[in-house]
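Remarks on the overall topology
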Amino acid sequence: MAGSSEERFRVYDAERSRKFQNSCLADDEREPSGGRKYTVARIKKPTLRSLVKKADSIFSEWVRRSACDKGGTVECVTCRKLMHWKGNGAQAGHFVKRQHMAVRYDPRNVHVQCVRCNKWRNGEEGEYGHYIIGLYGVEAHQELMALKRTIKKFTRADLESIIENYQQKLSTLEARIT
């Protein structure tokens, strides 16, 4: 009997056994079944946005920690307010805004500012400009303003090297401070 229930049961049981064995194999060793394609899981690379976010975070921490004293106190470069480097008080304020990628991670462009000056007073550009000129000179100020007009597009490798560089600098700062 070709269509008996016993024969159909054996065929079903064999098919079920093959599927079970197939499910125990790694993705690249499986047999394709029923039009399904099994792919090997791949490691996703971080997006450029997530790398920029991580680089911003590490660079900001480096700026604030490099400006602090042994007690962790930093001074706002525009209003001279004293605060702790960690927490809501201190921020890494950019003289030339962060949207200009050519100077986004330039240490001459970024210094500690309080939230009031950086966020609510738009960076106090006049006072910040005087601070840049006093610290680095007119040439550096003009160079930052010229770099502002250049186009810079970071690659994944650029951002990863920035992250690695500032993580190393942070680890040396931590060793020095603590």
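In what follows, the structure referred to is the one given above.
Here goes a summary of the coordinates provided. Quick caveat: nothing in here was measured; it's all calculated off a predicted structure. One numbering rule holds for all chains: residues counted from 1, following each sequence as written. Thresholds applied to this predicted model are a pLDDT of at least 70 for local features of residues and 80 or more for the giving and counting of side-chain atom pairs; totals over whole chains, interfaces and linings are not thresholded and use all residues. Excluded from the side-chain calculations are hydrogens and water; all other atoms, namely the structure's heavy atoms, are used.

Here's the deal with the state of the cysteines
Definition in use: Note on disulfides: each one is a pair of cysteine sulfur atoms within 2.5 Å. Only protein chains enter the accessibility calculation, which uses a 1.4 Å probe; a residue is then buried when its area is under 20% of its type maximum, exposed when over 50%, and partly exposed in between.
For the structure shown, the criterion picks out zero disulfides. We note that Cys-76 lacks a disulfide partner, and the nearest cysteine sulfur, in Cys-79, lies 3.7 Å from it. Overall, the relative accessible area of 0% leaves Cys-76 in the buried class. Sulfur of Cys-117: no disulfide; nearest cysteine sulfur belongs to Cys-114 and is 3.5 Å away. Under the relative-accessibility criterion, Cys-117 is labelled buried at 1%.

A closer look at the packing of helix H4 (residues 125–136) against helix H5 (residues 138–147)
The following threshold applies: Note on definitions: angles span 0 to 180 degrees between N-to-C directions of axes, and those axes are lines fitted to C-alpha atoms, for helices only across the stretch in contact. Only DSSP runs of H or I reaching four residues or more are called helices, and only runs of E reaching two or more are called strands; each is numbered from the N terminus. Should an angle lie under 35 degrees it is considered roughly parallel, over 145 roughly antiparallel, and from 65 to 115 roughly perpendicular; all remaining angles are considered oblique. Here, two residues are considered to be in contact whenever any of their heavy atoms come within 4.5 Å of each other. Gly is placed with the polar residues, together with every amino acid not listed as nonpolar (Ala, Val, Leu, Ile, Met, Phe, Trp, Tyr, Cys and Pro) or charged (Asp, Glu, Lys and Arg).
Running from amino to carboxyl end, H4 crosses H5 at an angle of 125 degrees, the nearest separation of the two axes being 6 Å. Taken together, the axis directions place H4 and H5 in an arrangement best described as oblique. Every residue of H5 that contacts H4 at Gly-129, Ile-132, Ile-133 and Tyr-136 is listed here: Val-138, Ala-140, His-141 and Leu-144. Its residues assigned to classes, the contact of H4 with H5 shows six nonpolar, two polar and no charged.

With respect to the environment of Ile-163
Along the chain, Ile-163 turns up in helix H6 (residues 156–177). When the C-alpha atoms of Ile-163 and Ile-58 are compared, they prove to be 6.8 Å apart, with 105 residues separating the residues in sequence. Once residues within four sequence positions are removed from consideration, Ile-163 is found in contact with Leu-51, Lys-54, Ala-55 and Ile-58.

Topic: the pairing of strand E4 (residues 110–114)
The condition that has to hold: Pairing between strands is defined by DSSP: at least two bridges between them are needed.
For E4, the buried fraction is high: five of the five residues fall into the buried class. Bridge analysis of strand E3 (residues 90–94) against E4 gives five bridges, and the strand direction is antiparallel. Paired with His-94 across the two strands is Val-110, which belongs to E4.

A look at the pattern of salt bridges
Pairing of side chains with opposite charge becomes possible as their charged atoms draw close. Rules: Criterion for a salt bridge: a side-chain nitrogen of Lys or Arg within 4 Å of a carboxyl oxygen of Asp or Glu.
Applying the stated criterion across every chain yields a total of nine salt bridges. Here Lys-97 makes a salt bridge to Glu-125, at a shortest N to O gap of 3.9 Å. Here Glu-125 lies in helix H4 and Lys-97 lies in the loop between E3 and E4, a separation of 28 residues in the sequence. Judged by its relative accessible area of 30%, Lys-97 falls in the partly exposed class.

Comments concerning unusual backbone geometry
The phi torsion at Asn-122 lies on the positive side, around 55 degrees, for a residue other than glycine. Topologically, Asn-122 is positioned in the loop between helix H3 (115–120) and H4. The backbone of Glu-124 sits at a positive phi, close to 45 degrees, despite the residue not being glycine. On the secondary structure map, Glu-124 appears in the loop between H3 and H4.

As for the packing of aromatic side chains
Counted only if it meets this: Under the pairing criterion, centres of Phe, Tyr and Trp rings, with the six-membered ring standing for Trp, must be within 6.5 Å; the plane angle then separates stacked pairs below 30 degrees from edge-to-face pairs above 60, leaving the rest tilted. To sit over a ring, a charge needs its Lys NZ or Arg CZ within 6 Å of the ring centre and within 35 degrees of the ring normal.
Applying the stated criterion across every chain, the model contains seven aromatic pairs. Here the aromatic cluster, defined as three or more aromatic residues joined through ring pairs, consists of Phe-59, Trp-62, Tyr-105, Phe-154 and Tyr-166. The aromatic ring of Trp-62 is capped on one face by Lys-169, whose charged end is 5.1 Å from the ring centroid.

Some details on H4
Structurally, the α-helix is built with 3.6 residues per turn, so residues lying three or four positions apart point the same way. Rule in force here: The span you would expect from a helix comes to 1.5 Å times its residue count less one. It is the directions from the helix axis to the C-beta atoms that the arc portrays.
In a regular helix each residue adds 1.5 Å, so twelve residues correspond to 16 Å; H4 covers 16 Å between its end C-alpha atoms and thus fits that length. Within the sequence span of H4, burial applies to Tyr-128, Gly-129 and Ile-132. Mapping the buried residues of H4 onto a view down its axis gives an arc of 105 degrees, with all of them on the same face. Turned more than 90 degrees off the buried face of H4, the exposed positions are His-130 and Gly-134. Lining the buried residues of H4 we find E3, E4 and H5. The first or second residue beyond H4 is Gly-137, which carries a positive phi of 100 degrees.

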